[in-house]
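Okay, here's what each chain looks like letter by letter:
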Amino acid sequence: TRLPTTLPTFTPSKTPTPAPTVWVPTYRQAYQVETVSDSINHPRGVCFSSDASFAMICDEDHRVSRIDFSTRTRTIVAGGGGIGNIDGGGTSASFNYPSAIVVSPDNTYSVIADSQNHRIRRYDHSTNQVTTIAGSSQGFGDGQGTNAEFFYPRSITLSFDSSFALIADVSNNLIRKLTLKTQT
(Lines give C-alpha, C1' and ligand atoms only; values in the text may rest on other atoms or scores of the structure.)
Protein backbone atom coordinates (compact mmCIF):
# COMPACT_ATOMS: atom_id res chain seq x y z
CA THR A 1 0.00 0.00 0.00
CA ARG A 2 1.32 3.30 -0.97
CA LEU A 3 0.66 6.46 1.14
CA PRO A 4 -0.09 9.80 -0.54
CA THR A 5 2.86 12.10 -0.76
CA THR A 6 0.86 15.23 -0.08
CA LEU A 7 -1.65 15.84 2.63
CA PRO A 8 -4.92 17.64 1.98
CA THR A 9 -4.95 21.26 3.10
CA PHE A 10 -7.47 22.87 5.46
CA THR A 11 -8.52 26.48 5.00
CA PRO A 12 -10.18 28.02 8.07
CA SER A 13 -13.30 30.10 7.63
CA LYS A 14 -12.83 33.86 7.67
CA THR A 15 -15.83 34.25 10.03
CA PRO A 16 -15.13 32.95 13.53
CA THR A 17 -17.70 30.60 14.95
CA PRO A 18 -19.01 31.89 18.29
CA ALA A 19 -18.46 29.66 21.27
CA PRO A 20 -21.65 28.00 22.51
CA THR A 21 -23.31 29.64 25.48
CA VAL A 22 -23.00 27.38 28.48
CA TRP A 23 -24.76 28.18 31.75
CA VAL A 24 -22.63 27.19 34.70
CA PRO A 25 -24.49 27.57 38.00
CA THR A 26 -22.69 29.04 40.92
CA TYR A 27 -22.57 27.03 44.13
CA ARG A 28 -25.15 29.27 45.79
CA GLN A 29 -27.61 29.08 42.90
CA ALA A 30 -27.62 25.32 42.60
CA TYR A 31 -26.87 23.98 46.07
CA GLN A 32 -28.01 26.33 48.79
CA VAL A 33 -27.60 24.90 52.31
CA GLU A 34 -29.32 26.52 55.26
CA THR A 35 -30.26 25.51 58.77
CA VAL A 36 -34.00 25.03 59.26
CA SER A 37 -34.13 23.92 62.88
CA ASP A 38 -32.43 24.33 66.21
CA SER A 39 -30.16 21.72 67.73
CA ILE A 40 -31.34 18.11 67.37
CA ASN A 41 -29.42 15.33 69.11
CA HIS A 42 -28.21 13.03 66.34
CA PRO A 43 -31.14 13.23 63.91
CA ARG A 44 -31.65 9.77 62.46
CA GLY A 45 -34.55 9.99 60.06
CA VAL A 46 -36.20 12.84 58.20
CA CYS A 47 -39.06 12.91 55.72
CA PHE A 48 -40.95 15.68 53.90
CA SER A 49 -44.71 15.99 53.80
CA SER A 50 -46.12 15.55 50.29
CA ASP A 51 -46.82 19.29 50.05
CA ALA A 52 -43.35 20.14 51.47
CA SER A 53 -44.87 22.34 54.19
CA PHE A 54 -43.36 20.33 57.02
CA ALA A 55 -40.92 17.54 57.81
CA MET A 56 -40.96 14.82 60.44
CA ILE A 57 -37.73 13.87 62.23
CA CYS A 58 -36.74 11.17 64.70
CA ASP A 59 -33.69 11.63 66.89
CA GLU A 60 -31.37 9.96 69.36
CA ASP A 61 -33.29 11.50 72.25
CA HIS A 62 -36.03 8.96 71.43
CA ARG A 63 -38.40 11.62 70.12
CA VAL A 64 -40.33 12.52 66.98
CA SER A 65 -40.42 16.18 65.97
CA ARG A 66 -42.20 18.21 63.34
CA ILE A 67 -40.52 21.13 61.58
CA ASP A 68 -42.86 23.73 60.08
CA PHE A 69 -41.04 25.33 57.14
CA SER A 70 -43.10 28.53 57.09
CA THR A 71 -42.10 29.43 60.66
CA ARG A 72 -38.92 27.34 60.95
CA THR A 73 -40.10 25.99 64.26
CA ARG A 74 -39.57 22.51 65.64
CA THR A 75 -42.18 20.92 67.87
CA ILE A 76 -41.67 17.64 69.72
CA VAL A 77 -44.83 15.71 68.89
CA ALA A 78 -44.12 12.26 70.33
CA GLY A 79 -41.74 10.69 72.79
CA GLY A 80 -40.69 12.11 76.09
CA GLY A 81 -36.97 11.88 75.65
CA GLY A 82 -36.46 8.65 77.58
CA ILE A 83 -36.13 5.08 76.38
CA GLY A 84 -39.33 3.03 76.36
CA ASN A 85 -41.93 1.29 74.23
CA ILE A 86 -45.18 2.84 75.37
CA ASP A 87 -48.01 3.63 72.95
CA GLY A 88 -49.97 6.76 73.77
CA GLY A 89 -50.59 10.39 73.08
CA GLY A 90 -47.81 12.78 72.20
CA THR A 91 -44.96 12.96 74.66
CA SER A 92 -46.43 10.23 76.89
CA ALA A 93 -45.45 7.74 74.15
CA SER A 94 -41.89 6.43 74.21
CA PHE A 95 -39.38 5.05 71.72
CA ASN A 96 -36.02 3.30 71.78
CA TYR A 97 -33.83 4.83 69.06
CA PRO A 98 -36.35 5.50 66.31
CA SER A 99 -34.23 5.37 63.17
CA ALA A 100 -36.50 6.17 60.23
CA ILE A 101 -39.76 7.95 59.54
CA VAL A 102 -41.96 8.35 56.48
CA VAL A 103 -45.01 10.61 56.05
CA SER A 104 -48.12 9.23 54.34
CA PRO A 105 -48.95 10.74 50.94
CA ASP A 106 -52.08 12.40 52.40
CA ASN A 107 -50.01 13.85 55.30
CA THR A 108 -52.32 12.36 57.95
CA TYR A 109 -49.87 9.98 59.63
CA SER A 110 -46.25 8.88 59.78
CA VAL A 111 -44.78 5.39 60.05
CA ILE A 112 -41.71 5.00 62.25
CA ALA A 113 -39.07 2.28 62.44
CA ASP A 114 -38.54 2.06 66.22
CA SER A 115 -35.25 0.27 65.81
CA GLN A 116 -34.23 -0.96 69.25
CA ASN A 117 -37.80 -1.79 70.23
CA HIS A 118 -37.94 -3.95 67.08
CA ARG A 119 -41.31 -2.41 66.20
CA ILE A 120 -43.05 -0.39 63.52
CA ARG A 121 -45.08 2.46 65.00
CA ARG A 122 -47.74 4.77 63.58
CA TYR A 123 -48.04 8.42 64.58
CA ASP A 124 -51.39 10.07 63.80
CA HIS A 125 -50.87 13.75 62.95
CA SER A 126 -54.34 14.91 64.03
CA THR A 127 -54.62 13.03 67.35
CA ASN A 128 -50.88 12.82 68.25
CA GLN A 129 -51.43 9.12 69.07
CA VAL A 130 -48.58 6.63 68.71
CA THR A 131 -49.55 2.98 68.20
CA THR A 132 -47.52 -0.14 67.50
CA ILE A 133 -48.69 -1.63 64.22
CA ALA A 134 -46.13 -4.44 63.81
CA GLY A 135 -43.46 -6.19 65.81
CA SER A 136 -43.18 -6.96 69.48
CA SER A 137 -39.74 -8.33 70.24
CA GLN A 138 -36.34 -9.01 68.72
CA GLY A 139 -36.31 -11.94 66.31
CA PHE A 140 -37.66 -13.07 63.00
CA GLY A 141 -41.23 -13.97 62.30
CA ASP A 142 -43.84 -13.07 59.74
CA GLY A 143 -47.31 -12.61 61.13
CA GLN A 144 -50.22 -10.30 61.81
CA GLY A 145 -49.39 -7.00 63.54
CA THR A 146 -47.58 -7.52 66.84
CA ASN A 147 -47.21 -11.24 66.15
CA ALA A 148 -44.48 -10.35 63.63
CA GLU A 149 -40.89 -9.93 64.84
CA PHE A 150 -38.09 -7.68 63.61
CA PHE A 151 -34.40 -7.46 64.44
CA TYR A 152 -33.43 -3.77 64.26
CA PRO A 153 -35.70 -2.27 61.58
CA ARG A 154 -33.73 0.75 60.39
CA SER A 155 -35.30 2.13 57.22
CA ILE A 156 -38.84 2.37 55.93
CA THR A 157 -40.71 3.60 52.87
CA LEU A 158 -44.39 3.72 51.92
CA SER A 159 -45.99 2.75 48.62
CA PHE A 160 -47.56 5.63 46.69
CA ASP A 161 -51.06 4.51 47.66
CA SER A 162 -50.09 3.80 51.31
CA SER A 163 -51.24 0.20 51.02
CA PHE A 164 -47.91 -1.20 52.21
CA ALA A 165 -44.53 -0.28 53.61
CA LEU A 166 -41.12 -1.80 52.90
CA ILE A 167 -38.83 -2.14 55.90
CA ALA A 168 -35.09 -2.77 56.03
CA ASP A 169 -34.87 -5.40 58.78
CA VAL A 170 -31.14 -4.93 59.20
CA SER A 171 -30.00 -7.72 61.50
CA ASN A 172 -32.25 -10.27 59.78
CA ASN A 173 -30.68 -9.15 56.47
CA LEU A 174 -34.13 -8.81 54.93
CA ILE A 175 -36.49 -6.38 53.28
CA ARG A 176 -39.93 -6.95 54.81
CA LYS A 177 -43.33 -5.92 53.47
CA LEU A 178 -45.94 -4.61 55.89
CA THR A 179 -49.44 -4.51 54.42
CA LEU A 180 -51.00 -1.56 56.15
CA LYS A 181 -54.64 -2.44 55.62
CA THR A 182 -54.34 -5.70 57.61
CA GLN A 183 -51.07 -4.86 59.43
CA THR A 184 -49.21 -8.03 58.43
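One can find the structure itself at the top, above this paragraph.
The sections below set out a description of the structure shown in this document. (Residues numbered from 1 in each chain as written. Predicted model: local features only at pLDDT ≥ 70, side-chain atom pairs only at ≥ 80, totals over all residues. Heavy atoms only, no water.)

Our next topic: the nonpolar core. In terms of nonpolar packing, the biggest core is built from 29 residues, with Met-56, Val-64, Val-111, Ile-120, Ile-156 and Leu-178 touching the most fellow members. Sorting the residues of this core by element identifies β2 (54-59), β4 (73-78), β6 (98-103), β7 (109-114), β8 (119-124), β9 (129-134), β10 (153-158) and β11 (164-169) as the ones contributing at least two each. (Core = buried A, V, L, I, M, F, W, Y, C linked by side-chain atoms within 4.5 Å. Buried < 20%, exposed > 50% of the residue type's maximum accessible area, 1.4 Å probe, protein only. Helix = DSSP H or I, 4+ residues; strand = E, 2+ residues; numbered from the N terminus.)

Unusually for a residue other than glycine, Ala-52 sits at a positive phi of about 60°. Positionally, Ala-52 belongs in the loop between β1 (43-48) and β2. Accessibility expressed as a relative area gives 42% for Ala-52, which makes it partly exposed. Look at His-118: it is not a glycine, yet its phi comes out positive at around 60°.

Each strand in a sheet pairs with its neighbour through backbone hydrogen bonds, running either in the same direction (parallel) or in the opposite one (antiparallel). Spatial ordering of the open sheet is given by β10-β11-β12, a layout of three strands whose pairing is antiparallel. Looking at the sheet topology across the chains shown, the edges are occupied by β10 and β12 (174-179). The sheet shows a mean angle of 25° between the axes of neighbouring strands, taken without regard to direction. Of the strand pairs in this sheet, β10 and β11 are connected by five bridges, and their pairing is antiparallel. Across the sheet, residue Ile-156 finds its bridge partner in β11, namely Ile-167. (Pairing = 2+ DSSP bridges. Axes fitted to C-alpha atoms, helices over the stretch in contact; angles between N-to-C directions.)

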